[in-house]
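Tertiary structure, described
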Amino acid sequence: AAHAFWETQPVTQFSAERSAPELPEGAIQPPQKVEDVRQEPYKLPSAYEWCTCDVNDAQEIVEVYTLLTNNYVEDDDNMFRFDYSKEFLRWALKLPGYTSQWHIGVRAKTSKKLVAFISGVPARIRVQSAVVRMAEINFLCVHKKLRSKRLAPVLIREITRRVHLRDTWQAVYTAGVVLPKPLATCRYWHRSLNPKKLIDVGFSRLARNMTMARTIKLYKLPEQPLSPGIRPMHPADVPAVTALVTTYLQQFAIAPVLSEEEIAHLLLPAAGVVSSYVIGGEGGRVSDLCSFYTLPSSIIGNPEHSTLKAAYSFYNVATSVPLEQLMTDALILAKQDDFDVFNALDIQHNEAFLKDLKFGPGDGFLHYYLYNWRLNKELQPRQVGLVML
Ligand SMILES: CCOC(=O)c1cnc2ccc(OC)cc2c1SCCC#N
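None of these values were measured; they are calculated from a predicted model.

Moving on to the packing of helix H7 (residues 238-249) against helix H8 (residues 260-267). Axis angle and axis distance: for two packed helices, these are the angle between their axes and the distance between the axes, and together they describe the pair. In contact at an axis separation of 9 Å, H7 and H8 are set at 100 degrees when each is read in the N-to-C sense. By the angle between their directions, the pair H7 and H8 is classed as roughly perpendicular. Residues Val238, Pro239, Val241, Thr242 and Val245 of H7 touch H8, and the partners they reach there are Glu260, Ile263, Ala264 and Leu267. The residue inventory of the contact of H7 with H8, partitioned by class, reads 7 nonpolar, 1 polar and 1 charged.

As structure tokens, then:
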């Protein structure tokens, strides 16, 4: 049944033979007009109704948080479940140009309980040389008790309809599962900052020839950053950081095109949400940037620890110091903020520092997908510049 759904969608099918000549790259569907888009919402099972979640409403953001913290993505061993905070969700869903029409909920008609959610935010994504207006689709979640009721395909069709109504015909999304057809398949790497806790929860194991004391020593970091002059980013840095990031992202096959407003929203430090540090260059320029976002996870069923404090590598640009040194500073700054682990995908230039900075490969993959855009060749992780929250 899952394949039946994806076979109806404008995505590259698995069956796409190594046809020669290859089908043309770019939009899969012919251009459509907004006035031809279906006006009515798709049909839900009779006990449920659509709603639009107002993330500015204190109560409604709590409902979205509660649904996700109890029912969103878990790792394969059900050891962790993402615990996106309310502040993080507001930040991720209120990107410049957002519309609450793309913050879609499903409620039980009787109890009015929120039982499912899917979101989209507008983005300009460059795919090779084409800059395409897209929706970044995220936070697809169906309550555990309503799984295999085929609600996810209805949520996907409904957000597609609402995205079409705003004259947007492409989307980008990621998933830990393989769907037709990955644009790129990336791997998570983890750098212990609190090795004892990661061993306590059973994520890491003590190496047979190592004591706990030796293991703690192995992951120990300096108290202070190595790069002279590294400091938190502040509003006056936005133009220079936008220039630095824009130049840096040119080299990747898929990357966001970010305005100053989007750089300000995404990168200006927000406690418990996103941390960004810069090294100043001459004349108000910024020569280096490192950033990471805060995404805790619930630790499922552990008597000793309930939450894992995880930092996720975001956008990092090194032009005046070695990338390894800049990322070591990111680790030091994350450790100072009491993070237990620093996570990074093998995208951007990350392969250059993962092993040397003592990251270990995770057992999870993150697949990137495009909706209604064909690329004839799968990308290598190092060709990916886009980080999805
Ligand atoms: C200690 C290393 O693992 C994680 O940080 C972690 C935490 N929470 C999760 C929740 C759901 C989940 O579902 C795939 C994975 C994790 C992971 S590993 C993959 C993310 C990264 N890095």
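Looking at the protein as a whole, the pLDDT averages 97, with 98% of positions reaching at least 70. The ipTM, which scores confidence in the relative placement of chains, is 0.99 for this predicted complex, and the corresponding pTM is 0.97.

With that settled, the discussion passes to the packing of aromatic side chains. Overall, the coordinates contain 23 aromatic pairs when judged by the stated rule. Centre to centre, the rings of phenylalanine 82 and tyrosine 84 are 5.8 Å apart; their planes meet at 55 degrees, and the pair counts as tilted. For the residue pair phenylalanine 82 and tyrosine 84, the accessibility class agrees, reading buried in each case. Relative to phenylalanine 252, the ring of tyrosine 248 lies with its centre 5.2 Å away and its plane at 70 degrees, an arrangement referred to as edge-to-face. For the residue pair tyrosine 248 and phenylalanine 252, the accessibility class agrees, reading buried in each case. By way of ring pairs, the aromatic residues Tyr72, Phe82, Tyr84, Phe88, Trp91, Phe139, Tyr188, Tyr293, Tyr312, Phe314 and Tyr315 are connected into one cluster. Looking at lysine 86, its charged tip hangs above the ring of tyrosine 65, at a distance of 5.1 Å from the centre.

All right, on to the site of the ligand then. What surrounds the ligand is a group of 13 residues, the closest being Glu74, Tyr188, His190, Ser297 and Asn343. Between aspartate 75 and the ligand, the recorded distance is 3.3 Å, taken from a backbone N or O atom to an oxygen atom. Contact between the ligand and asparagine 343: an oxygen atom at 2.9 Å from a side-chain N or O atom of the residue. Protein coverage of the free-state accessible area of the ligand, which is 490 Å², stands at 91%. Broken down by secondary-structure element, the contributors of at least two residues to the shell around the ligand are strand E2 (80-82), strand E7 (184-192) and strand E16 (341-345).

We now examine the sheet that holds E2. The sheet built from 3 strands is open, its strands ordered E2-E12-E13 with antiparallel pairing. Taken across any chain shown, the strands that pair with only one partner, and hence form the sheet edges, are E2 and strand E13 (307-308). Of the pairings in the sheet, the one linking E2 to strand E12 (residues 297-299) comprises 3 bridges and is antiparallel in character. What sits directly across from arginine 81, in E12, is serine 298. Running over the sheet, helix H2 (residues 58-71) touches E2 and E12 and is turned about 155 degrees from E2.

Turning next to the environment of valine 163. Inspection of the secondary structure assignment puts valine 163 in helix H4 (residues 151-165). What makes valine 163 buried here is its relative accessible area of 6%. The sequence separation of valine 163 and glutamine 101 amounts to 62 residues, and the corresponding C-alpha distance is 8.8 Å. Filtering out sequence-adjacent residues up to four positions away, valine 163 remains in contact with Trp102, Ala135 and Thr168.

About the criteria used
Residues numbered from 1 in each chain as written. Predicted model: local features only at pLDDT ≥ 70, side-chain atom pairs only at ≥ 80, totals over all residues. Heavy atoms only, no water. Axes fitted to C-alpha atoms, helices over the stretch in contact; angles between N-to-C directions. Helix = DSSP H or I, 4+ residues; strand = E, 2+ residues; numbered from the N terminus. Parallel < 35°, antiparallel > 145°, perpendicular 65-115°, else oblique. Contact = heavy atoms within 4.5 Å. Nonpolar A, V, L, I, M, F, W, Y, C, P; charged D, E, K, R; others polar. pLDDT = per-residue confidence, 0-100. Phe/Tyr/Trp six-rings, centres within 6.5 Å; stacked < 30°, edge-to-face > 60°. Buried < 20%, exposed > 50% of the residue type's maximum accessible area, 1.4 Å probe, protein only. Lys NZ or Arg CZ within 6 Å of the ring centre and 35° of its normal. Near = heavy atom within 4 Å. Polar contact = N/O pair within 3.5 Å; in protein donor to acceptor, adjacent residues only side chain to side chain. Areas by Shrake-Rupley, 256 points an atom, 1.4 Å probe, with all protein chains shown as cover. Pairing = 2+ DSSP bridges.

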